[in-house]
Amino acid sequence: MTTTQPRIQWLGRWGFVLAATGSAVGLGNIWKFPYMTGEYGGGAFVLVYLACILAVGVPVMMAEIALGRRGRGSPVDAIRRTAAESGRSSSWSLLGWMAMLCGFLILCFYVVVAGWSFAYLWKMLSGGLAAGSVDDMVAIFAANNASPWSLGLWSTLVTVITMVIVGKGVQGGIEKSVGWMMPGMVVMLLVLIVYGVFSGGFTDALRFLFVFDAGSLSSEGLLAALGHAFFTLSLASGAILTYGSYLPAEASIARTTLTVAVADTLVALMAGLAIFPAIFANGMDPGEGPGLIFMSLPLAFQSMPLGTLFGVLFFVMLSMAALTSSISMVEATVSWLCDRHGLSRRAAAWGAGIVLWVISTLAMLSFNVGADWTLAGRHLFDWLDYLTSRWLMPLGGLGTALLAGFVLRAAPMREELGLASPGYVLWLFMVRYVSPLGILMIFVDALGIVSV
Ligand code: PFF
Ligand code: NA
(Lines give C-alpha, C1' and ligand atoms only; values in the text may rest on other atoms or scores of the structure.)
(Ligands and ions follow the chains in the order given, each with its own letter.)
Protein backbone atom coordinates (compact mmCIF):
# COMPACT_ATOMS: atom_id res chain seq x y z
CA MET A 1 0.00 0.00 0.00
CA THR A 2 1.42 3.29 -1.00
CA THR A 3 -0.89 5.77 0.70
CA THR A 4 1.42 8.00 2.62
CA GLN A 5 -0.54 11.19 2.97
CA PRO A 6 -3.96 11.35 4.66
CA ARG A 7 -6.85 10.71 2.31
CA ILE A 8 -8.48 13.68 0.67
CA GLN A 9 -11.93 14.64 2.02
CA TRP A 10 -14.97 16.44 0.72
CA LEU A 11 -14.45 20.15 1.00
CA GLY A 12 -17.94 21.34 1.84
CA ARG A 13 -20.44 20.25 4.43
CA TRP A 14 -22.75 19.04 1.65
CA GLY A 15 -20.01 17.52 -0.49
CA PHE A 16 -20.74 13.91 0.30
CA VAL A 17 -24.52 14.24 0.30
CA LEU A 18 -24.51 16.02 -3.07
CA ALA A 19 -22.06 13.61 -4.65
CA ALA A 20 -23.77 10.49 -3.28
CA THR A 21 -27.20 11.81 -4.25
CA GLY A 22 -25.77 12.62 -7.67
CA SER A 23 -24.57 9.05 -7.92
CA ALA A 24 -27.90 7.62 -6.78
CA VAL A 25 -30.12 9.86 -8.88
CA GLY A 26 -29.74 8.88 -12.50
CA LEU A 27 -31.18 6.92 -15.37
CA GLY A 28 -32.42 4.46 -12.75
CA ASN A 29 -34.82 7.07 -11.39
CA ILE A 30 -35.90 8.85 -14.52
CA TRP A 31 -35.76 6.15 -17.18
CA LYS A 32 -36.07 2.83 -15.36
CA PHE A 33 -38.30 3.54 -12.36
CA PRO A 34 -41.17 5.11 -14.34
CA TYR A 35 -41.29 2.33 -16.92
CA MET A 36 -40.99 -0.37 -14.27
CA THR A 37 -43.86 1.24 -12.38
CA GLY A 38 -45.78 1.29 -15.64
CA GLU A 39 -45.08 -2.37 -16.32
CA TYR A 40 -45.67 -3.69 -12.81
CA GLY A 41 -48.93 -1.97 -12.16
CA GLY A 42 -48.41 1.41 -10.49
CA GLY A 43 -49.03 2.04 -6.77
CA ALA A 44 -48.57 -1.55 -5.64
CA PHE A 45 -45.10 -1.62 -7.18
CA VAL A 46 -44.26 1.76 -5.64
CA LEU A 47 -45.13 0.48 -2.18
CA VAL A 48 -43.03 -2.68 -2.54
CA TYR A 49 -40.18 -0.59 -3.89
CA LEU A 50 -40.29 1.72 -0.84
CA ALA A 51 -40.16 -1.31 1.45
CA CYS A 52 -37.10 -2.67 -0.40
CA ILE A 53 -35.28 0.66 -0.14
CA LEU A 54 -35.86 0.77 3.62
CA ALA A 55 -35.28 -2.88 4.47
CA VAL A 56 -32.43 -3.74 2.12
CA GLY A 57 -31.05 -0.57 0.61
CA VAL A 58 -30.57 1.67 3.64
CA PRO A 59 -28.83 -0.87 5.92
CA VAL A 60 -26.43 -1.95 3.16
CA MET A 61 -25.67 1.64 2.23
CA MET A 62 -24.80 2.43 5.84
CA ALA A 63 -22.48 -0.57 5.93
CA GLU A 64 -20.76 0.53 2.70
CA ILE A 65 -20.14 4.07 3.88
CA ALA A 66 -18.85 2.78 7.22
CA LEU A 67 -16.46 0.39 5.45
CA GLY A 68 -15.22 3.14 3.16
CA ARG A 69 -14.61 5.64 5.93
CA ARG A 70 -13.04 3.08 8.24
CA GLY A 71 -10.67 1.80 5.57
CA ARG A 72 -10.05 5.18 3.89
CA GLY A 73 -9.31 3.70 0.49
CA SER A 74 -10.63 2.25 -2.74
CA PRO A 75 -13.03 -0.67 -2.19
CA VAL A 76 -10.19 -3.21 -2.45
CA ASP A 77 -7.96 -1.47 0.08
CA ALA A 78 -10.67 -0.23 2.41
CA ILE A 79 -12.16 -3.69 2.82
CA ARG A 80 -8.78 -5.33 3.27
CA ARG A 81 -7.90 -2.83 6.02
CA THR A 82 -11.17 -3.12 7.91
CA ALA A 83 -10.99 -6.92 7.70
CA ALA A 84 -7.41 -6.89 8.97
CA GLU A 85 -8.38 -4.62 11.83
CA SER A 86 -10.83 -7.29 12.99
CA GLY A 87 -8.24 -10.01 12.44
CA ARG A 88 -10.05 -11.38 9.38
CA SER A 89 -8.67 -12.80 6.17
CA SER A 90 -7.49 -10.45 3.45
CA SER A 91 -9.52 -12.47 0.95
CA TRP A 92 -12.48 -10.32 1.94
CA SER A 93 -10.93 -7.75 -0.34
CA LEU A 94 -12.32 -9.90 -3.19
CA LEU A 95 -15.58 -8.20 -2.32
CA GLY A 96 -13.91 -4.90 -3.16
CA TRP A 97 -12.64 -6.26 -6.47
CA MET A 98 -16.09 -7.45 -7.34
CA ALA A 99 -17.68 -4.09 -6.49
CA MET A 100 -15.10 -2.22 -8.52
CA LEU A 101 -15.68 -4.53 -11.49
CA CYS A 102 -19.44 -4.22 -11.10
CA GLY A 103 -19.37 -0.41 -11.17
CA PHE A 104 -17.14 -0.47 -14.22
CA LEU A 105 -19.31 -2.98 -16.10
CA ILE A 106 -22.47 -1.01 -15.34
CA LEU A 107 -20.78 2.05 -16.74
CA CYS A 108 -20.02 0.18 -19.97
CA PHE A 109 -23.72 0.03 -20.83
CA TYR A 110 -24.79 3.11 -18.87
CA VAL A 111 -22.84 5.41 -21.20
CA VAL A 112 -24.82 3.95 -24.11
CA VAL A 113 -28.17 4.80 -22.50
CA ALA A 114 -26.84 8.20 -21.41
CA GLY A 115 -25.85 8.61 -25.06
CA TRP A 116 -29.50 8.09 -26.03
CA SER A 117 -30.36 10.98 -23.76
CA PHE A 118 -27.79 13.26 -25.40
CA ALA A 119 -28.93 12.13 -28.85
CA TYR A 120 -32.54 12.92 -27.99
CA LEU A 121 -31.58 16.31 -26.62
CA TRP A 122 -29.98 17.03 -29.96
CA LYS A 123 -32.98 15.68 -31.87
CA MET A 124 -35.32 17.83 -29.77
CA LEU A 125 -33.26 20.93 -30.54
CA SER A 126 -32.90 20.20 -34.23
CA GLY A 127 -36.45 19.09 -34.90
CA GLY A 128 -35.52 15.46 -35.45
CA LEU A 129 -38.40 14.23 -33.33
CA ALA A 130 -41.22 15.64 -35.42
CA ALA A 131 -43.41 12.60 -35.80
CA GLY A 132 -47.09 11.98 -36.19
CA SER A 133 -47.57 8.67 -34.45
CA VAL A 134 -46.11 6.17 -32.03
CA ASP A 135 -44.99 4.12 -35.03
CA ASP A 136 -42.97 7.07 -36.31
CA MET A 137 -41.34 7.42 -32.88
CA VAL A 138 -40.50 3.73 -32.84
CA ALA A 139 -38.89 4.17 -36.24
CA ILE A 140 -36.82 7.15 -35.03
CA PHE A 141 -35.63 5.17 -32.02
CA ALA A 142 -34.74 2.20 -34.22
CA ALA A 143 -32.92 4.43 -36.72
CA ASN A 144 -30.92 6.01 -33.89
CA ASN A 145 -29.80 2.57 -32.73
CA ALA A 146 -29.13 1.34 -36.24
CA SER A 147 -26.35 3.85 -36.83
CA PRO A 148 -23.12 2.83 -35.08
CA TRP A 149 -21.60 6.20 -35.93
CA SER A 150 -24.19 8.33 -34.26
CA LEU A 151 -24.70 5.98 -31.33
CA GLY A 152 -20.94 5.72 -30.88
CA LEU A 153 -20.49 9.46 -31.12
CA TRP A 154 -22.91 10.10 -28.25
CA SER A 155 -21.61 7.39 -25.94
CA THR A 156 -18.07 8.56 -26.65
CA LEU A 157 -19.09 12.08 -25.71
CA VAL A 158 -20.50 10.82 -22.40
CA THR A 159 -17.28 8.90 -21.76
CA VAL A 160 -15.12 11.93 -22.46
CA ILE A 161 -17.15 14.30 -20.24
CA THR A 162 -17.10 11.71 -17.43
CA MET A 163 -13.34 11.32 -17.62
CA VAL A 164 -12.70 15.07 -17.79
CA ILE A 165 -14.67 15.57 -14.57
CA VAL A 166 -13.15 12.60 -12.74
CA GLY A 167 -9.67 13.55 -13.94
CA LYS A 168 -10.00 16.92 -12.23
CA GLY A 169 -10.16 15.23 -8.85
CA VAL A 170 -12.52 14.65 -5.97
CA GLN A 171 -12.92 18.28 -4.96
CA GLY A 172 -12.16 20.15 -8.16
CA GLY A 173 -13.96 17.72 -10.46
CA ILE A 174 -16.64 15.64 -8.76
CA GLU A 175 -17.63 17.93 -5.89
CA LYS A 176 -17.60 21.03 -8.03
CA SER A 177 -19.68 19.56 -10.84
CA VAL A 178 -22.34 17.97 -8.61
CA GLY A 179 -22.55 21.28 -6.75
CA TRP A 180 -24.31 22.89 -9.71
CA MET A 181 -25.64 19.92 -11.64
CA MET A 182 -27.72 18.50 -8.79
CA PRO A 183 -29.53 21.73 -7.84
CA GLY A 184 -29.94 22.42 -11.56
CA MET A 185 -31.57 19.11 -12.32
CA VAL A 186 -33.93 19.37 -9.34
CA VAL A 187 -35.10 22.83 -10.47
CA MET A 188 -35.71 21.52 -14.00
CA LEU A 189 -37.61 18.55 -12.62
CA LEU A 190 -39.82 20.86 -10.55
CA VAL A 191 -40.53 23.01 -13.59
CA LEU A 192 -41.49 19.87 -15.53
CA ILE A 193 -43.88 18.79 -12.77
CA VAL A 194 -45.59 22.19 -12.81
CA TYR A 195 -45.93 21.76 -16.57
CA GLY A 196 -47.49 18.35 -15.89
CA VAL A 197 -50.01 19.92 -13.53
CA PHE A 198 -51.35 21.98 -16.43
CA SER A 199 -51.29 19.17 -18.97
CA GLY A 200 -54.61 17.67 -18.00
CA GLY A 201 -53.29 14.27 -16.96
CA PHE A 202 -51.99 15.11 -13.52
CA THR A 203 -54.69 13.51 -11.40
CA ASP A 204 -54.48 10.34 -13.46
CA ALA A 205 -50.75 10.30 -12.81
CA LEU A 206 -51.26 10.80 -9.08
CA ARG A 207 -53.79 8.00 -8.97
CA PHE A 208 -51.53 5.72 -10.97
CA LEU A 209 -48.51 6.28 -8.73
CA PHE A 210 -50.11 6.43 -5.33
CA VAL A 211 -53.28 4.38 -5.30
CA PHE A 212 -52.43 0.98 -3.98
CA ASP A 213 -54.19 -1.78 -5.84
CA ALA A 214 -53.34 -5.09 -4.17
CA GLY A 215 -54.53 -6.95 -7.26
CA SER A 216 -51.61 -5.72 -9.33
CA LEU A 217 -49.02 -6.93 -6.83
CA SER A 218 -46.87 -9.63 -8.40
CA SER A 219 -43.84 -11.66 -7.43
CA GLU A 220 -42.01 -10.47 -10.55
CA GLY A 221 -42.74 -6.95 -9.38
CA LEU A 222 -41.26 -7.74 -5.98
CA LEU A 223 -38.07 -9.19 -7.43
CA ALA A 224 -37.70 -6.32 -9.85
CA ALA A 225 -38.16 -3.84 -6.99
CA LEU A 226 -35.54 -5.62 -4.91
CA GLY A 227 -32.97 -5.62 -7.70
CA HIS A 228 -33.74 -2.04 -8.53
CA ALA A 229 -33.19 -0.96 -4.90
CA PHE A 230 -29.50 -1.81 -5.32
CA PHE A 231 -29.16 -0.19 -8.68
CA THR A 232 -30.96 3.00 -7.80
CA LEU A 233 -28.93 3.54 -4.61
CA SER A 234 -25.65 2.77 -6.43
CA LEU A 235 -24.91 -0.09 -4.02
CA ALA A 236 -22.36 -2.88 -4.37
CA SER A 237 -20.64 -1.02 -7.20
CA GLY A 238 -17.85 0.65 -5.30
CA ALA A 239 -19.34 4.11 -5.82
CA ILE A 240 -20.85 4.76 -2.40
CA LEU A 241 -18.01 3.01 -0.60
CA THR A 242 -15.40 5.11 -2.35
CA TYR A 243 -17.34 8.34 -1.80
CA GLY A 244 -17.63 7.26 1.85
CA SER A 245 -13.85 6.99 2.03
CA TYR A 246 -13.74 10.78 1.58
CA LEU A 247 -16.32 11.42 4.30
CA PRO A 248 -15.09 13.53 7.23
CA ALA A 249 -14.98 11.69 10.56
CA GLU A 250 -17.60 13.87 12.22
CA ALA A 251 -20.38 13.32 9.66
CA SER A 252 -23.23 11.06 10.75
CA ILE A 253 -23.50 8.02 8.51
CA ALA A 254 -27.10 7.24 9.47
CA ARG A 255 -28.29 10.74 8.77
CA THR A 256 -26.45 11.12 5.45
CA THR A 257 -27.69 7.70 4.29
CA LEU A 258 -31.28 8.60 5.04
CA THR A 259 -30.89 11.91 3.23
CA VAL A 260 -29.51 10.20 0.12
CA ALA A 261 -32.15 7.44 0.16
CA VAL A 262 -35.01 9.88 0.64
CA ALA A 263 -33.68 12.21 -2.08
CA ASP A 264 -33.29 9.30 -4.50
CA THR A 265 -36.82 8.10 -3.81
CA LEU A 266 -38.28 11.59 -4.11
CA VAL A 267 -36.61 12.11 -7.47
CA ALA A 268 -37.96 8.78 -8.74
CA LEU A 269 -41.48 9.73 -7.70
CA MET A 270 -41.05 13.25 -9.07
CA ALA A 271 -39.87 11.81 -12.37
CA GLY A 272 -43.12 9.83 -12.43
CA LEU A 273 -45.05 13.05 -11.82
CA ALA A 274 -43.19 14.76 -14.65
CA ILE A 275 -43.66 11.93 -17.17
CA PHE A 276 -47.04 10.28 -16.58
CA PRO A 277 -49.27 13.40 -16.81
CA ALA A 278 -48.23 13.91 -20.44
CA ILE A 279 -48.66 10.18 -21.12
CA PHE A 280 -52.17 10.08 -19.65
CA ALA A 281 -53.21 13.42 -21.16
CA ASN A 282 -52.50 11.90 -24.57
CA GLY A 283 -54.27 8.64 -23.84
CA MET A 284 -51.09 6.58 -24.03
CA ASP A 285 -50.23 3.34 -22.27
CA PRO A 286 -47.99 3.74 -19.17
CA GLY A 287 -46.75 0.14 -19.54
CA GLU A 288 -44.77 0.86 -22.70
CA GLY A 289 -41.48 -0.41 -21.29
CA PRO A 290 -37.96 0.97 -21.86
CA GLY A 291 -39.20 3.17 -24.72
CA LEU A 292 -41.45 5.19 -22.41
CA ILE A 293 -39.32 8.33 -22.19
CA PHE A 294 -37.77 8.01 -25.64
CA MET A 295 -40.90 7.29 -27.64
CA SER A 296 -44.14 8.05 -25.83
CA LEU A 297 -42.94 11.11 -23.94
CA PRO A 298 -41.51 13.13 -26.85
CA LEU A 299 -44.65 12.38 -28.83
CA ALA A 300 -46.84 13.47 -25.95
CA PHE A 301 -44.86 16.69 -25.50
CA GLN A 302 -45.29 17.48 -29.18
CA SER A 303 -49.01 17.81 -28.89
CA MET A 304 -48.71 20.17 -25.93
CA PRO A 305 -48.09 23.93 -25.87
CA LEU A 306 -44.36 24.79 -25.63
CA GLY A 307 -43.71 21.06 -25.89
CA THR A 308 -40.33 21.41 -27.58
CA LEU A 309 -39.04 23.74 -24.91
CA PHE A 310 -40.06 21.34 -22.15
CA GLY A 311 -38.77 18.39 -24.11
CA VAL A 312 -35.37 20.05 -24.29
CA LEU A 313 -35.52 20.74 -20.56
CA PHE A 314 -36.37 17.09 -19.91
CA PHE A 315 -33.39 15.72 -21.84
CA VAL A 316 -30.97 18.28 -20.37
CA MET A 317 -32.11 17.18 -16.93
CA LEU A 318 -31.79 13.50 -17.83
CA SER A 319 -28.30 14.00 -19.26
CA MET A 320 -27.10 15.78 -16.13
CA ALA A 321 -28.58 13.08 -13.90
CA ALA A 322 -26.74 10.47 -15.97
CA LEU A 323 -23.40 12.29 -15.75
CA THR A 324 -23.45 12.69 -11.97
CA SER A 325 -23.95 8.91 -11.83
CA SER A 326 -21.40 7.92 -14.45
CA ILE A 327 -18.61 9.81 -12.68
CA SER A 328 -19.31 7.83 -9.50
CA MET A 329 -19.09 4.47 -11.26
CA VAL A 330 -15.53 4.97 -12.36
CA GLU A 331 -14.32 6.69 -9.18
CA ALA A 332 -13.64 3.38 -7.41
CA THR A 333 -11.34 2.25 -10.22
CA VAL A 334 -9.65 5.64 -10.50
CA SER A 335 -9.01 5.87 -6.76
CA TRP A 336 -7.61 2.34 -6.81
CA LEU A 337 -5.27 3.19 -9.70
CA CYS A 338 -4.09 6.29 -7.85
CA ASP A 339 -3.65 4.69 -4.42
CA ARG A 340 -2.14 1.47 -5.55
CA HIS A 341 -0.23 2.34 -8.64
CA GLY A 342 0.67 5.92 -7.89
CA LEU A 343 -0.94 7.22 -11.08
CA SER A 344 -2.02 10.83 -11.32
CA ARG A 345 -5.78 11.43 -11.33
CA ARG A 346 -5.70 12.44 -14.93
CA ALA A 347 -3.70 9.43 -16.09
CA ALA A 348 -5.92 7.10 -14.09
CA ALA A 349 -9.08 8.63 -15.52
CA TRP A 350 -7.90 8.42 -19.13
CA GLY A 351 -6.53 4.91 -18.65
CA ALA A 352 -9.87 3.74 -17.31
CA GLY A 353 -11.60 5.77 -20.01
CA ILE A 354 -9.86 3.96 -22.85
CA VAL A 355 -10.85 0.53 -21.51
CA LEU A 356 -14.36 1.82 -20.94
CA TRP A 357 -14.51 3.20 -24.46
CA VAL A 358 -13.53 -0.14 -26.01
CA ILE A 359 -16.07 -2.20 -24.04
CA SER A 360 -18.89 0.32 -24.32
CA THR A 361 -18.32 0.61 -28.06
CA LEU A 362 -18.63 -3.16 -28.38
CA ALA A 363 -21.80 -2.99 -26.27
CA MET A 364 -23.17 -0.21 -28.45
CA LEU A 365 -22.63 -2.40 -31.52
CA SER A 366 -25.15 -4.86 -30.06
CA PHE A 367 -27.80 -2.59 -31.51
CA ASN A 368 -26.55 -2.54 -35.07
CA VAL A 369 -23.60 -4.23 -36.82
CA GLY A 370 -23.16 -6.68 -33.97
CA ALA A 371 -26.78 -7.72 -33.82
CA ASP A 372 -25.72 -11.33 -34.40
CA TRP A 373 -22.91 -11.37 -31.85
CA THR A 374 -24.75 -13.18 -29.13
CA LEU A 375 -23.73 -15.63 -26.49
CA ALA A 376 -26.42 -17.88 -25.05
CA GLY A 377 -29.01 -15.62 -26.64
CA ARG A 378 -27.72 -12.37 -25.18
CA HIS A 379 -25.84 -9.45 -26.69
CA LEU A 380 -22.95 -7.89 -24.84
CA PHE A 381 -25.25 -5.03 -23.82
CA ASP A 382 -27.74 -7.47 -22.29
CA TRP A 383 -24.97 -9.51 -20.70
CA LEU A 384 -23.57 -6.46 -18.93
CA ASP A 385 -27.00 -5.58 -17.57
CA TYR A 386 -27.84 -9.17 -16.63
CA LEU A 387 -24.51 -9.95 -14.99
CA THR A 388 -24.44 -6.79 -12.91
CA SER A 389 -28.07 -6.53 -11.85
CA ARG A 390 -28.80 -10.23 -11.36
CA TRP A 391 -25.45 -11.43 -10.00
CA LEU A 392 -22.74 -8.94 -9.10
CA MET A 393 -24.93 -6.42 -7.27
CA PRO A 394 -26.90 -8.93 -5.18
CA LEU A 395 -23.74 -10.95 -4.48
CA GLY A 396 -21.85 -7.82 -3.47
CA GLY A 397 -24.75 -6.65 -1.32
CA LEU A 398 -24.94 -10.03 0.39
CA GLY A 399 -21.19 -10.03 1.00
CA THR A 400 -21.29 -6.51 2.41
CA ALA A 401 -24.17 -7.32 4.73
CA LEU A 402 -22.52 -10.49 6.02
CA LEU A 403 -19.12 -8.83 6.39
CA ALA A 404 -20.52 -5.90 8.35
CA GLY A 405 -23.07 -7.95 10.28
CA PHE A 406 -21.18 -11.11 11.24
CA VAL A 407 -17.53 -11.05 10.24
CA LEU A 408 -16.13 -7.75 11.48
CA ARG A 409 -15.85 -7.03 15.17
CA ALA A 410 -18.77 -4.99 16.43
CA ALA A 411 -16.75 -2.18 17.99
CA PRO A 412 -15.25 -0.58 14.86
CA MET A 413 -18.51 -0.72 12.91
CA ARG A 414 -20.42 0.68 15.82
CA GLU A 415 -17.92 3.43 16.27
CA GLU A 416 -18.19 4.41 12.59
CA LEU A 417 -21.96 4.32 12.59
CA GLY A 418 -22.04 6.31 15.82
CA LEU A 419 -25.47 4.96 16.72
CA ALA A 420 -26.97 4.63 20.18
CA SER A 421 -28.37 1.29 21.20
CA PRO A 422 -31.83 1.00 19.63
CA GLY A 423 -30.62 2.33 16.28
CA TYR A 424 -27.56 0.13 16.23
CA VAL A 425 -29.48 -3.01 17.17
CA LEU A 426 -32.03 -2.29 14.46
CA TRP A 427 -29.29 -1.82 11.87
CA LEU A 428 -27.56 -5.02 12.98
CA PHE A 429 -30.78 -6.97 12.74
CA MET A 430 -31.48 -5.67 9.24
CA VAL A 431 -27.99 -6.28 7.97
CA ARG A 432 -27.76 -9.75 9.50
CA TYR A 433 -31.15 -11.16 8.62
CA VAL A 434 -33.50 -8.97 6.62
CA SER A 435 -31.18 -7.78 3.84
CA PRO A 436 -29.55 -11.19 3.25
CA LEU A 437 -32.92 -12.94 3.08
CA GLY A 438 -34.20 -10.40 0.59
CA ILE A 439 -31.09 -10.83 -1.53
CA LEU A 440 -31.32 -14.62 -1.43
CA MET A 441 -34.69 -14.31 -3.10
CA ILE A 442 -33.02 -12.70 -6.11
CA PHE A 443 -30.67 -15.67 -6.44
CA VAL A 444 -33.37 -18.23 -6.02
CA ASP A 445 -35.12 -16.51 -8.89
CA ALA A 446 -32.02 -16.07 -11.05
CA LEU A 447 -31.11 -19.73 -10.67
CA GLY A 448 -34.66 -20.70 -11.44
CA ILE A 449 -34.67 -23.10 -8.46
CA VAL A 450 -38.24 -22.31 -7.70
CA SER A 451 -40.27 -20.11 -9.93
CA VAL A 452 -41.86 -17.57 -7.67
N1 PFF B 1 -27.90 4.87 -9.10
C2 PFF B 1 -27.75 5.10 -10.52
C3 PFF B 1 -29.13 5.28 -11.14
O4 PFF B 1 -30.14 5.08 -10.47
O5 PFF B 1 -29.20 5.64 -12.30
C6 PFF B 1 -27.03 3.98 -11.18
C7 PFF B 1 -25.72 3.62 -10.55
C8 PFF B 1 -24.78 4.60 -10.24
C9 PFF B 1 -25.44 2.30 -10.28
C10 PFF B 1 -23.57 4.25 -9.67
C11 PFF B 1 -24.24 1.95 -9.71
C12 PFF B 1 -23.32 2.93 -9.41
F13 PFF B 1 -22.19 2.60 -8.88
NA1 NA C 1 -31.14 6.02 -8.63
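About the criteria used
- Residues numbered from 1 in each chain as written.
- Chains lettered and ligands numbered in written order.
- Predicted model: local features only at pLDDT ≥ 70, side-chain atom pairs only at ≥ 80, totals over all residues.
- Helix = DSSP H or I, 4+ residues; strand = E, 2+ residues; numbered from the N terminus.
- Rg over C-alpha atoms; globule rule 2.2 N^0.38 Å.
- Buried ≥ 20, exposed ≤ 12 C-beta atoms within 10 Å, placed from the backbone.
- Contact = placed C-beta atoms within 7 Å.
- Near = placed C-beta within 6 Å.
- Nonpolar A, V, L, I, M, F, W, Y, C, P; charged D, E, K, R; others polar.
- Axes fitted to C-alpha atoms, helices over the stretch in contact; angles between N-to-C directions.
- Parallel < 35°, antiparallel > 145°, perpendicular 65-115°, else oblique.
- Left-handed = near helix turned anticlockwise from the far one by under 90°.
- Expected span 1.5 Å × (residues − 1).
- Bend = angle between axes of the 7 residues up to and from the residue.
- pLDDT = per-residue confidence, 0-100.

Novice: Help me understand the overall build of the protein chain, please; the structure alone is not making it clear to me.
Specialist: Of the regular secondary structure elements, the protein chain holds 18 helices and zero strands. Against the globule reference of 22 Å for 452 residues, the protein chain gives a C-alpha radius of gyration of 21 Å, in line with a compact fold. Projected onto its principal axes, the C-alpha positions of the protein chain cover 65 × 50 × 45 Å. Burial analysis of the protein chain (452 residues in total) assigns 54% to the buried set. At a minimum sequence separation of 6, the contacts of the protein chain that also span at least 24 residues come to 83%.

Novice: Before we go on, may I ask you to explain the site of ligand 1 in this structure?
Specialist: Taken together, 16 residues lie around ligand 1, and G26, G28, S234, S237 and A239 are the ones closest in. Here the residues of the shell around ligand 1 sort into six nonpolar, ten polar and no charged.

Novice: Where do I start with the packing of helix α3 (residues 43-71) against helix α18 (residues 421-446) in this structure?
Specialist: The N-to-C vectors of α3 and α18 enclose an angle of 120°; their axes lie 9 Å apart at closest approach. What the angle tells us is that α3 and α18 run oblique. Note on packing geometry: the crossing formed by α3 with α18 is left-handed. Each of C52, A55, V56, P59, V60, M62 and A63 in α3 lies in contact with α18, whose residues at this interface are W427, M430, V431, V434, S435, G438 and I439. Of the residues contributing to the contact of α3 with α18, the split by class is twelve nonpolar, two polar and no charged.

Novice: I'm lost on the environment of V164 in this one. Help?
Specialist: Tracing the sequence through the fold places V164 in helix α7 (residues 148-167). The spacing of V164 and P34 is 130 residues in sequence and 30 Å in space, taken between C-alpha atoms.

Novice: When you look at helix α8 (residues 170-197) in this model, what are you seeing that I'm missing?
Specialist: Given 3.6 residues per turn, any residue in an α-helix points the same way as the ones three and four places further on. An ideal rise of 1.5 Å per residue puts 40 Å on 28 residues; α8 measures up with 39 Å between its terminal C-alpha atoms. Where α8 bends most, the angle comes to about 25°, and this point is V178.

Novice: Looking at this structure, I do not really get the packing of helix α4 (residues 75-85) against helix α5 (residues 93-126). What am I missing?
Specialist: Two quantities define a packed helix pair, namely the angle between the helix axes and the distance between the axes. Interhelical geometry of α4 versus α5 gives an angle of 160° and a closest axis separation of 7 Å. Judged by the angle between their axes, α4 and α5 are roughly antiparallel. In the crossing of α4 with α5, the sense of the turn from one axis to the other is right-handed. Residues P75, V76, A78, I79 and R80 of α4 form the contact with α5, whose participating residues are S93, L95, G96, W97, A99 and M100. The residue inventory of the contact of α4 with α5, partitioned by class, reads eight nonpolar, two polar and one charged.

Novice: Sorry, what's going on with the environment of F315 here?
Specialist: Within the element layout of this structure, F315 appears in helix α14 (residues 307-341). F315 sits in the buried class, given 24 other C-beta atoms within 10 Å. Taking the C-alpha atoms as reference points, F315 and I275, 40 residues apart in sequence, are found 12 Å from one another. In this view, F315 contacts S117, Y120, L121 and M124; residues no more than four positions away in its chain are not counted.

Novice: Whenever I open this one, the confidence of the model for the protein chain confuses me. Can you help?
Specialist: With 98% of its residues at a pLDDT of 70 or more, the protein chain shows a mean pLDDT of 94. Two numbers describe this predicted complex: its pTM, 0.95, and its ipTM, 0.99.

Novice: So what exactly am I meant to see when it comes to unusual backbone geometry here?
Specialist: Negative phi is the rule for most residues except glycine; trans is the rule for most peptide bonds. For L306, which is not glycine, the phi dihedral falls at a positive 60°. A tally of 10 C-beta atoms within 10 Å means that L306 is categorised as exposed. We note that A376 has phi near 50°; this positive angle belongs to a residue other than glycine. Looking at where A376 falls in the secondary structure, it is placed in the loop between α15 (345-364) and α16 (380-407). On the basis of neighbour count, A376 is assigned to the exposed category, with 6 C-beta atoms found within 10 Å.

Novice: Can you help me understand the environment of E250 in this one?
Specialist: On the secondary structure map, E250 appears in the loop between α11 (239-244) and α12 (253-281). Residues E250 and G12 lie 238 residues apart in sequence; the distance between their C-alpha atoms is 13 Å.

Novice: Is there a simple way to explain α5 in this structure?
Specialist: If you check α5, its first and last C-alpha atoms are 49 Å apart, about what 34 residues at 1.5 Å a residue would give, namely 50 Å. Maximum bend of α5: about 30°, positioned at C108. α5 sits mainly inside the fold: 27 of its 34 residues count as buried. Backbone geometry just after α5 places G127 at a positive phi near 80°.

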